[in-house]
Amino acid sequence: MNSRRIHVIRRGAPSQGPVLYWMHRDFRAADNWGLTHARMQALRSGQPLAVVFCLASAFPGATRVHFNFLLQGLQKTAQALNQENIPFIALRGEPGLEVARFAREHKASLVVTDFDPLRIKARWIEDLLLACDQPLHEVDSRNTVPARIVSNRREFMARTIRPKITRLLAEFLDEFPILPVHPHPWPTTIVKPEFALPQPKSGDKAGRQALLVEPGEHAGRALLQKFLKEKLPFYMNRNDPNHDVCSNLSAHVHFGMLSAQRVVLETQRMGLAGENVDSFLEEIIVRRELSDNFCLHTPDYDSVAGFPEWASESLHKHRNDPRPAIYSAEEFKEGKTHDPLWNAAQTQMLLTGKMHGYLRMYWAKKILEWSPTAADALNTAILLNDRHSLDGRDSNGYTGIAWSIGGVHDRGWTERPIFGKVRYMNLAGARRKFDVDRYVRSWTAPRDGAST
DNA sequence: ATCGGCTCGCGCAA
DNA sequence: TGCGCGAAGCCGAT
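This report concerns the structure included in the present document. Not measured: the values here are computed from a predicted model.

Turning to the nonpolar core, a few remarks are in order. Counting residues in hydrophobic clusters, the biggest one holds 58 residues, and the most contacted among them are Val51, Phe53, Leu74, Phe88, Ile165 and Phe280. If you look at the next biggest cluster of nonpolar residues, it comprises 44 residues, including Ala325, Tyr358, Ala381 and Val408.

Around DNA strand C, the structure places 22 residues, and the nearest of them are Arg159, Arg287, Trp413, Arg423 and Lys433. Sugar plus phosphate: this is where 45% of the atoms of DNA strand C within 4 Å of the protein reside. Arg423 has a polar side-chain atom sitting 2.4 Å from a phosphate oxygen of DNA strand C. The side chain of Lys433 places a nitrogen or oxygen atom 3.2 Å from a phosphate oxygen of DNA strand C. Elements that contribute at least two residues to the surface near DNA strand C include exactly α6 (158-172), α11 (275-297), α17 (395-406) and α18 (427-433). Grouping the amino acids of the surface near DNA strand C by side-chain chemistry returns seven nonpolar, six polar and nine charged.

This part is about the environment of Leu383. Relative to the helices and strands, Leu383 is located in helix α16 (residues 374-388). Linking Leu383 and Thr399, residues 16 residues apart in sequence, is a C-alpha distance of 14 Å.

Taken together, Arg153, Phe156, Arg159, Thr160, Trp310, Arg411, Gly412, Trp413, Thr414 and Lys421 make up the full set of residues near DNA strand B. Atoms of DNA strand B within 4 Å of the protein belong to the sugar or the phosphate in 65% of instances, the rest to bases. Side-chain polar atom of Thr414 to a base oxygen of DNA strand B: 2.5 Å apart, as the coordinates give it. Residue composition of the surface near DNA strand B, grouped by class: three nonpolar, three polar and four charged.

Read across the open sheet, the six strands follow the order β1-β6-β5-β2-β3-β4; overall the sheet is mixed. A single partner strand is all that each edge strand has here, and the edge strands are β1 (6-10) and β4 (88-93). Across this sheet, the average inter-strand angle for adjacent strands is 25°, counted without regard to direction. Bridge count for strand β3 (residues 49-56) against β4 is six bridges, and the pairing is parallel. Across the sheet, residue Val51 finds its bridge partner in β4, namely Phe88. The strands touched by helix α3 (residues 95-105) within the sheet are β2 (19-22), β3, β4 and β5 (110-114), with β4 carrying the most contacts at an inclination of about 130°. The sheet contacts of helix α4 (residues 119-131) involve β1, β2, β3, β5 and β6 (136-139), and relative to β1 the element is tilted by about 50°.

Let us now look at empty space enclosed by the protein. To find leftover empty space, a probe the size of one water molecule is rolled over the atoms. One pass over the structure, following the stated rule, counts one cavity of 30 Å³ or more. Put simply, the largest cavity is a space of about 330 Å³. For the largest cavity, the lining is made up of 22 residues, of which His24, Phe27, Phe59, Lys121 and Phe255 are closest to its centre. For the lining of the largest cavity, the elements supplying multiple residues, two or more each, are β3, α2 (64-83) and α4.

How two aromatic rings sit relative to each other is given by the distance of their centres and the angle of their planes. For the coordinates displayed, the defined rule picks out 18 aromatic pairs. Where Tyr235 meets Phe280, the ring centres are 5.8 Å apart and the plane angle is 85°; that geometry is what we call edge-to-face. Pair noted here: Tyr235 is in the loop between α8 (217-231) and α9 (250-254) and Phe280 is in helix α11, with a separation of 45 residues, a long-range link. Phe280 carries the same exposure label as Tyr235, and that label is buried. Taking the centre distance of 6.2 Å and the plane angle of 65° together, the rings of Trp342 and Trp370 count as edge-to-face.

Attention now goes to the side chain of Asp394. Positionally, Asp394 belongs in the loop between α16 and α17. On the accessibility criterion, Asp394 (6% relative accessible area) is buried. At 3.2 Å, the side chain of Asp394 forms a polar contact with the side chain of Arg142. Not counting the four nearest positions on each side in its chain, Asp394 is found in contact with Arg142 and His254.

The next thing to look at is unusual backbone geometry. Its identity is not glycine, yet Asn248 carries a phi of approximately 55°, on the positive side. Assignment of secondary structure puts Asn248 in the loop between α8 and α9. On the accessibility criterion, Asn248 (29% relative accessible area) is partly exposed. Although it is not a glycine, His409 adopts a positive phi angle of roughly 65°. Considering the arrangement of structural elements, one finds His409 in the loop between α17 and α18.

Given 3.6 residues to a turn, an α-helix orients residues that are three or four positions apart in the same direction. End to end, α17 covers 15 Å across 12 residues, agreeing with the expected 16 Å (1.5 Å per residue, within 8%). For α17, a buried count of 10 out of 12 residues is recorded, marking the element as mostly surrounded by other parts of the structure. Within α17, burial applies to Ser395, Gly397, Tyr398, Thr399, Ile401, Ala402, Trp403, Ser404, Ile405 and Gly406. Residues of α17 that are buried in the fold lie against α11, α12 (309-317), α15 (357-369) and α16. One side-chain oxygen at the N-terminal end of α17 lies 2.8 Å from the backbone nitrogen of Asn396; it belongs to Asp394. In the segment just after α17, Gly407 is the residue with positive phi, at about 70°.

About the criteria used
- Residues numbered from 1 in each chain as written.
- Chains lettered and ligands numbered in written order.
- Predicted model: local features only at pLDDT ≥ 70, side-chain atom pairs only at ≥ 80, totals over all residues.
- Heavy atoms only, no water.
- Core = buried A, V, L, I, M, F, W, Y, C linked by side-chain atoms within 4.5 Å.
- Buried < 20%, exposed > 50% of the residue type's maximum accessible area, 1.4 Å probe, protein only.
- Near = heavy atom within 4 Å.
- Polar contact = N/O pair within 3.5 Å; in protein donor to acceptor, adjacent residues only side chain to side chain.
- Helix = DSSP H or I, 4+ residues; strand = E, 2+ residues; numbered from the N terminus.
- Nonpolar A, V, L, I, M, F, W, Y, C, P; charged D, E, K, R; others polar.
- Pairing = 2+ DSSP bridges.
- Axes fitted to C-alpha atoms, helices over the stretch in contact; angles between N-to-C directions.
- Contact = heavy atoms within 4.5 Å.
- 1 Å grid on protein atoms, 1.4 Å probe; cavity = no way out; pocket = protein on both sides within 12 Å on 5 of 7 lines; lining within 4 Å.
- Points joined across faces, edges and corners; volume = space filled by probe spheres on them.
- Phe/Tyr/Trp six-rings, centres within 6.5 Å; stacked < 30°, edge-to-face > 60°.
- Expected span 1.5 Å × (residues − 1).

Given below as structure tokens:
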């Protein structure tokens, strides 16, 4: 495999001892460069290999629905690893500390882990570095071209990162190697991981509906096949939420149950081409890379401090503009605004764990319009998305919301109240693009006590 | 239905 | 230094 995918965080003299792969972003056994690197190192040194996962006791914003999706997927991943003679070890607690403890106890010679630009992951990795002496390698399995290779600074917009990615695609869009079943068995008995899966309470619509999505890496590949065959030909309708043409892959991709690189390879293998394919590849390659680039090079990726200068100034200038309405966090959450389209989008997210791509922009921009300040709006949007979207707590989410509210990766537009020069969107625009009333009818929450 | 203006700054050509 | 152009638009003129 291309050694440029490997970012050495801590070097170490070669030593005898098992290799650990600490999985915390790319939750899959297949198409995983981090696991591939760990396996190849263990093969080379003739050592056993284990995959270690630690269930964080506290993961801000995550809910039972998220944990269910993750843990059900991990059961499949553990089975797949078992076929490869690689044990899957589930720990619980503070991830960096627990993985370090495990590495010390088993005298590991190397720890390999996933790349992730979010702050919480940087803290976990710092914890691990302080709590053990093992060398640590980080591998970017989330992006086709590793984020650290694409660019070493914050990119201005998609236009500036696109040529940098395109130049490197020939080098990094390669097939994942097939490796032998691992020949060196783990020396000690592994307690089979037991995930206590909290079941949705009866009457918990959100929990039930979100779980109708089949989790796991096999399900992710099946969804991909279905999308490429049945929906991609109609992808020109992607901005119409009444059309079921979106990939619906974001939850699987967010949890790393499906590799973005596999998506690209599979699209190519099927010989697909044309405008629809170009649009889809732009999303799965360029926009994803841009999101990781934004979070990697913007410490305040979830704060107004991360907004570009022109947008911050403009929003500040309009901070005292009268708002047509101000809603509390609770009113937003319950979908109790005056705008039926906004309420419908919010309801769709609450019930299914996802929101249509076009509506995400509209939804976030209206939160800006109906909040006391841009900072309040950003907090509200991030809180709701992290908590209720299955693909929340992802660089994509922080970047998309920063685009909507703070003009990140966008340019200025006609100055107007509240928004200043940040791009404005309204109901009239939505009506021009699709049948708003039809969408609203399909996602109007039934009132309590109403018959169905 | 379609067009131009709004508005900013990067990256490239010169 | 000048110029083209961009992550999803709006609005008024024609």
